[in-house]
Amino acid sequence: MKIVILGAGGMGSRFGLMLKKAGKDVTLLDGWDKNIEAIREHGIRANYNGEEVQVDIDIYPIDDVDPDLKADLLIVFTKAMQLEDAIQATRSIVTDQTKVLCLMNGIGYDDILRKYFDDEQIVLGNTMWTAGLEGPGRPKLFGNGYVNLLNLGKSEEATAAAKDIVALLDEVGLNGVYEKEIFYLIYKKVCVNATMNGLCTILECNMADLGDAQASHDLINQLVKEVVDVANAEGVEMDLDEMIDHVGECFNRETIGGHFPSMYQDLITNNRLTEIDYINGAVAQKGEKLNVPTPYNQFLTSLVHTKEQLLGAK
Ligand code: NAD
């Protein structure tokens, strides 16, 4: 099986490294020149749970892909705002048989992918694996995780193909789970991302400090309520109290509370644009379509965009 990973940042490198180390046929496509140069020169050099792990792996710029390259499985791991351009630039690698796996944070990727692929090709999910970058070609990969996924296509062939992807992920240690309630799990993760990401970025704090500030709790509860209302209006059943408790787990200093969410790292640490439009912004957009008020999500989206502009993020 030819596996192509579109986007070789932290997550693309993690999946690329784990697949390649297990002997799979993997090629990376990326749009960041320094990253491509570094990976071509010395492969991926990962800080892998504190040890240096190196793996040689093919990588092409997305605007200069090997014309003979065809993907059986395309895993998309760009940032959300890069996804459509990247898919368009790499159309030559896709055939009718290609399956596309999307595990990116946020909501609305089913709508984006349906513009370019048939339902039968699309596999949607989310992942609890994490990754960071210490520099070009140098991912920092700590901890454990798993991947939840489900095929959008209704055919037996689409189900079998998704289950094959689960088996592949299991085989290489990425821990696949075939999950019928995928939209519930995607919205559950959005409850965390729609609160921790934007608020910690605007307030420049980690999650435990945010939780200690009692005044943040009403804000957090309102944001979660809007996500839950939108999910319920879309037919994805969610319980508000359960989601508020779930988000509250982020405040625990003994576990993950000391962590600065990825949006903080993108904007505050690296002066990069954020995925806010695909998290709070997407909640607000869906709310508008479904007649569900989402003023808190809209406001937070505008605040983050304002901060991006003030900081001159790119
Ligand atoms: P990333 O920013 O590391 O990489 C995404 C793209 O941006 C890659 O093409 C990369 O080469 C490029 N890039 C990275 N740093 C750059 C820089 N300084 N200058 C120019 N280009 C740069 O993103 P990621 O963390 O791999 O996330 C990919 C997707 O997966 C996102 O949708 C994210 O929300 C989701 N996700 C991330 C994690 C995580 O822990 N990182 C966990 C779950 C889901």
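Everything numeric here is computed off the predicted structure, so don't read it as measured data.

### Focus: the packing of helix α6 (residues 182-203) against helix α10 (residues 262-269)
Thought 1: Direction vectors running N to C along α6 and α10 enclose 30 degrees, while the axes themselves pass 7 Å from each other. By the angle class used here, α6 and α10 are roughly parallel. Relative to α10, the crossing made by α6 is right-handed. Together, Asn197, Gly198, Cys200 and Thr201 of α6 and Ser262, Met263, Tyr264, Leu267 and Ile268 of α10 make up the contact between the two elements.
Thought 2: In the contact of α6 with α10, the residues fall into five nonpolar, four polar and no charged.

### Re the sheet that holds strand β8 (residues 122-127)
Thought 1: Strand order in the open sheet formed by eight strands is β5-β2-β1-β6-β7-β8-β11-β12, and the pairing between neighbours is mixed. Of all strands in the sheet, those with a lone pairing partner are β5 (58-61) and β12 (176-178), marking the two edges. Looking at each pair of strands side by side, their axes are set apart by 25 degrees on average, direction ignored.
Thought 2: The pairing of strand β6 (residues 73-76) with strand β7 (residues 99-102) spans four bridges and is classified as parallel. Paired with Leu73 across the bridge in β7 is Lys99.
Thought 3: Contacts from α6 reach β8 and β11 (147-151), with the element oriented near 40 degrees to β8.

### Structural notes on the UniProt feature "domain: Ketopantoate reductase N-terminal" (unreviewed entry) in the chain
Thought 1: Residues given the UniProt feature "domain: Ketopantoate reductase N-terminal" (unreviewed entry) here are residues 3-149.
Thought 2: Taken end to end, residues 3-149 is 24% helix and 33% strand, and its two terminal C-alpha atoms sit 17 Å from one another.

### Re the site of the ligand
Thought 1: Taken together, 22 residues form the shell around the ligand, and within it Gly10, Met11, Asp30, Arg272 and Glu275 come nearest.
Thought 2: In this structure, Asp30 approaches the ligand through a side-chain N or O atom, which is 2.3 Å from an oxygen atom.
Thought 3: At 2.9 Å from a nitrogen atom of the ligand is found a main-chain nitrogen or oxygen belonging to Ala131.
Thought 4: Coverage of the ligand by the protein amounts to 84% of the 800 Å² it exposes when considered alone.

### Overview of a negative patch on the surface
Thought 1: Negative charge collects at one region of the surface, where Asp33, Glu37, Glu41, Asp63 and Asp64 lie side by side.
Thought 2: When you line up the elements, Asp63 lands in the loop between β5 and β6.

### Digging into the packing of aromatic side chains
Thought 1: One pass over the structure, following the stated rule, counts three aromatic pairs.
Thought 2: Their ring planes at 65 degrees and their centres at 4.9 Å tell us that Phe15 and Phe77 sit as a pair that is edge-to-face. Of this pair, Phe15 sits in helix α1 (residues 10-21) while Phe77 is found in the loop between β6 and α3 (83-89), placing the two residues 62 residues apart along the sequence. The exposure classification of Phe15 matches that of Phe77, with both residues buried.
Thought 3: Ring geometry for Phe260 versus Tyr264: centroids 4.5 Å apart, planes at 40 degrees, classification tilted.
Thought 4: Residue Phe260 is classed as partly exposed on the basis of its relative accessible area of 29%.
Thought 5: Residue Tyr264 is classed as buried on the basis of its relative accessible area, which comes to 15%.
Thought 6: Geometry around Tyr178 places Lys163 over its ring, the cationic atom sitting 4.8 Å from the centre.

About the cut-offs
Residues numbered from 1 in each chain as written. Predicted model: local features only at pLDDT ≥ 70, side-chain atom pairs only at ≥ 80, totals over all residues. Heavy atoms only, no water. Axes fitted to C-alpha atoms, helices over the stretch in contact; angles between N-to-C directions. Helix = DSSP H or I, 4+ residues; strand = E, 2+ residues; numbered from the N terminus. Parallel < 35°, antiparallel > 145°, perpendicular 65-115°, else oblique. Left-handed = near helix turned anticlockwise from the far one by under 90°. Contact = heavy atoms within 4.5 Å. Nonpolar A, V, L, I, M, F, W, Y, C, P; charged D, E, K, R; others polar. Pairing = 2+ DSSP bridges. UniProt positions renumbered as here; feature names shortened; annotations may be inferred. Near = heavy atom within 4 Å. Polar contact = N/O pair within 3.5 Å; in protein donor to acceptor, adjacent residues only side chain to side chain. Areas by Shrake-Rupley, 256 points an atom, 1.4 Å probe, with all protein chains shown as cover. Patch = residues over 30% accessible without salt bridge, like charges linked within 9 Å, V, L, I, M, F, W, Y side chains within 5 Å. Salt bridge = Lys/Arg side-chain N within 4 Å of Asp/Glu carboxyl O. Lys, Arg positive; Asp, Glu negative; His and termini not counted. Charge placed at Lys NZ, Arg CZ, Asp CG, Glu CD. Phe/Tyr/Trp six-rings, centres within 6.5 Å; stacked < 30°, edge-to-face > 60°. Buried < 20%, exposed > 50% of the residue type's maximum accessible area, 1.4 Å probe, protein only. Lys NZ or Arg CZ within 6 Å of the ring centre and 35° of its normal.

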